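Spelled out, the chains give:
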Amino acid sequence: MYDRTLINASSPGDEITVVGWVHEVRDLGGLTFLLLRDRSGILQVKFEKETLSSETLSILDQLYRESVVLLTGMVVSEKRAPTGIELVPKTIEILALSDPNLPLDPSGKVTSELSTRLDKRCIDLRRIETRAIFEIRSEIQRSIRQRFYDIDCIEINTPKIVATGTEGGTDLFPIAYFGKEAFMNQSPQLFKQLVAGGGIERVFEIGPIFRAEEHNTTRHLNEATSIDFEAAFIDHEMAMEVAEDIISIAYHSVSENCPQQLHTLSLDGLSIPETPFPRISYDSAIEIANGSSDLSEPLEWGDDLSTQAERIIGSTMATHYFITDWPSEIKPFYIQNHDESPEISKGFDLMHPSMELVSGGQREHRYDSLIDALQNQGLNPIDFEFYVDMFRYGMPPHSGWGMGADRLVMSMLQLDNVREVVLFPRDRNRLAP
RNA sequence: GCCCGGAUGGUGUAGUGGCCUAUCAUACGACCCUGUCACGGUCGUGACUCGGGUUCAAAUCCCGGUCCGGGCGCCA
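Quick notes on the rules
Residues numbered from 1 in each chain as written. Chains lettered and ligands numbered in written order. Predicted model: local features only at pLDDT ≥ 70, side-chain atom pairs only at ≥ 80, totals over all residues. Heavy atoms only, no water. Helix = DSSP H or I, 4+ residues; strand = E, 2+ residues; numbered from the N terminus. Buried < 20%, exposed > 50% of the residue type's maximum accessible area, 1.4 Å probe, protein only. Contact = heavy atoms within 4.5 Å. Areas by Shrake-Rupley, 256 points an atom, 1.4 Å probe, with all protein chains shown as cover. Lys, Arg positive; Asp, Glu negative; His and termini not counted. Charge placed at Lys NZ, Arg CZ, Asp CG, Glu CD. Pairing = 2+ DSSP bridges. Salt bridge = Lys/Arg side-chain N within 4 Å of Asp/Glu carboxyl O. Near = heavy atom within 4 Å. Polar contact = N/O pair within 3.5 Å; in protein donor to acceptor, adjacent residues only side chain to side chain. Nonpolar A, V, L, I, M, F, W, Y, C, P; charged D, E, K, R; others polar. Axes fitted to C-alpha atoms, helices over the stretch in contact; angles between N-to-C directions. Parallel < 35°, antiparallel > 145°, perpendicular 65-115°, else oblique. Left-handed = near helix turned anticlockwise from the far one by under 90°.

The number of helices and strands found in chain A is 12 helices and 16 strands. C-alpha extents for chain A along the principal axes are approximately 90 × 55 × 40 Å. Counting the 433 residues in chain A, one finds 50% classified as buried. In chain A, of all internal contacts separated by at least 6 residues, the share reaching a separation of at least 24 is 65%. Working note: accessible area of chain A is about 20800 Å², and carbon and sulfur atoms make up 49% of it. Put simply, chain A has 39 plus and 68 minus side-chain charges, and the middle of one group is 8 Å from the middle of the other.

Right under this line is the structure:
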């Protein structure tokens, strides 16, 4: 559209055309500085009034912050300028005028509440901090995708409209489907198993999941992005190795490729968690929690870990860690149990000190055991026929996991609300934009 | 689902019964200013979530609604 030069690619002596947003105007009287912002940075433009035409002066007068302009001119070296260079303009053209009453301040002089920022996300995206978050999120997904390809995975897409839930169907969003009962899928779980256990063996998917729980926390959403992995002929131990490798590669890539964005977020020298992550059993997790005086209610074997318990264990571990050997009864039916002690499962969780990041395990691939497991959890195998039936035709041993992409970004960037890392979050009361 | 908290100019805030004709910052307008970099200075514009109640008097107390934030449960 325009043959333009990016701000960070312009150097002294260049005759350039730049386009972008008016970040700020500083009128000193005879001299006016305009700070122009594009996706690459901010450039100071100098207007000396006595050299300007009345036309240019009147344009300058209408330029509210966040208006979009096109400027041509000469880049000069100027040590008094913030970036060491400034633009001496020849022409200025307004591409889009902005209303002066901005719904939030992209220059960051006045802070805005998260809810205001989410309501006006388009304007919020003009803040360099917000942009840094999504640039990093993209790098995380790019590097993870790359790693999956490197370990021979195929990227798949499974349906988001389903007839039945993963673990029952209580917390699903019902939708109208030509007169039939249907739901938004809460997880690709069953489908990715069918693909991995089909002929493809190694698969991954990065896609949306939907949960209808009316929770109200800073780490839950009703629409989230899940990074799913599933592979045939690997056990839960190997699946854990893949999980920690994926986390590790994400940290390394961001550290290496996003120094500018990390700096913007005051995260210079991002610390990279060391692998392998410690593995602790469910039993010792309970022990750690119960050994703390901060725990208000002691846990009994078979209880799920409370948020408080998770925090206590997290601060004790002080790094990413796995919890293994969970009681079978609190893991889903598709998780395989240890043959020698069936009350213990081959399920695992990968925890960040502040929250759960990954849930996975070795799957039950034996038809009879799977039917038993379904029934033990009060589910009707008939409801899962499309899935269960396939286990009659040579389902290989397989394992996998699902990782909360939003939580990965949130925990890496030490943000206190998952909505910060989702462009247009869906929560209990937010459905737009 | 249970529980707690909040709503004041465009934005972010101060204000716990009369001192509020409501503070400050930013924004916007006018004027001054040729090296700002959160530019500065002077003046100005602009707001109490809605409905009901208590009171001589309500932004402030009470009840209800709406909207929002958060904790727990559960999970990714």
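Another aspect to go through is the pairing of strand β9 (residues 180-184). Sheet topology note: the strand β7 (residues 161-162)/β9 ladder contains two bridges and is antiparallel. Residue pairing for β9: Val162 is matched across the bridge by Phe183. The sheet contact formed by strand β8 (residues 174-177) and β9 spans four bridges and is antiparallel. Following the sheet pairing, Pro174 is matched in β9 by Phe183. Linking β8 to β9, which pair antiparallel, is a turn of two residues; within it Phe178 sits at a positive phi near 50 degrees.

All told, the structure shown has 31 salt bridges when counted by the stated rule. A single network of salt bridges, built from pairs that share partners, joins Arg117, Arg121, Asp124, Arg127, Glu129 and Glu420.

Another aspect to go through is the protein's contact with RNA strand B. Neighbouring RNA strand B are 53 residues, the closest being Glu24, Arg26, Asp27, Glu214 and Thr307. Of everything in RNA strand B that lies within 4 Å of the protein, sugar and phosphate atoms constitute 55%. Here a phosphate oxygen of RNA strand B sits 3.3 Å away from a polar atom, N or O, in the side chain of Tyr64. Within the side chain of Asn417, a nitrogen or oxygen atom sits 2.5 Å from a phosphate oxygen of RNA strand B. At the level of elements, β1 (15-27), β2 (31-38), β3 (41-48), α2 (114-119), α9 (307-317) and β15 (355-362) are the ones that each hand at least two residues to the surface near RNA strand B. Of the residues forming the surface near RNA strand B, the biggest block, four residues, is contributed by β15. Tallied by class, the residues present in the surface near RNA strand B amount to 14 nonpolar, 18 polar and 21 charged.

Now for the packing of helix α4 (residues 128-150) against helix α12 (residues 405-412). Remark: α4 packs on α12, axes separated minimally by 10 Å, with the N-to-C direction vectors making an angle of 120 degrees. Between α4 and α12, the crossing angle belongs to the class labelled oblique. Along this stretch, α4 crosses α12, giving a crossing that reads as right-handed. When α4 is examined against α12, the residues Arg137, Ile140 and Ile144 are found in contact with a partner set consisting of Ala405, Asp406, Leu408, Val409 and Met412. Its residues assigned to classes, the contact of α4 with α12 comprises six nonpolar, no polar and two charged.

Moving on, we get to unusual backbone geometry. Cis peptide bonds are those with omega within 30 degrees of zero, and the linkage from Thr275 to Pro276 qualifies with -5 degrees. Residue position: Pro276 is located in the loop between α7 (259-264) and β12 (279-281). Across the junction of Ala432 and Pro433, the peptide omega takes the value 0 degrees, indicating a cis bond. Inspection of the secondary structure assignment puts Pro433 in the segment after α12. For Asp152, which is not a glycine, the phi torsion comes out positive at approximately 70 degrees. Examined against the element boundaries, Asp152 turns out to sit in the loop between α4 and β6 (154-155). The phi torsion at Ala318 lies on the positive side, around 55 degrees, for a residue other than glycine. By the element assignment, Ala318 lies in the loop between α9 and β13 (321-324).

Below, the discussion takes up the environment of Gln44. Among the secondary structure elements, Gln44 is positioned in strand β3. Residue Gln44 is classed as buried on the basis of its relative accessible area, which comes to 6%. Counting along the chain gives 18 residues from Gln44 to Arg26, while the straight-line C-alpha distance between them is 10 Å. Among residues more than four places away in sequence, those in contact with Gln44 are Phe33, Leu34, Leu35, Ala81, Pro82, Glu86 and Leu87.

A regular strand places its side chains so that they alternate between the two faces of the sheet. The element strand β11 (residues 223-232) is extensively covered by neighbouring structure, given that nine of its 10 residues are classed as buried. Relative to β11, strand β10 (residues 202-210) runs antiparallel, the two sharing nine bridges. Across the sheet, residue Gly207 finds its bridge partner in β11, namely Ser226. Bridge analysis of β11 against strand β16 (residues 398-404) gives seven bridges, and the strand direction is antiparallel. Residue pairing for β16: Phe229 is matched across the bridge by Trp401.

Time to look at the side chain of Arg430. Positionally, Arg430 belongs in the segment after α12. Classification of Arg430 by relative accessible area gives buried; the value is 12%. Only 3.5 Å separates the side chain of Arg430 from the backbone oxygen of Ser115, close enough to count as a polar contact. Setting aside chain neighbours within four positions, we find Arg430 in contact with Ser115, Leu118, Asp119 and Pro425.

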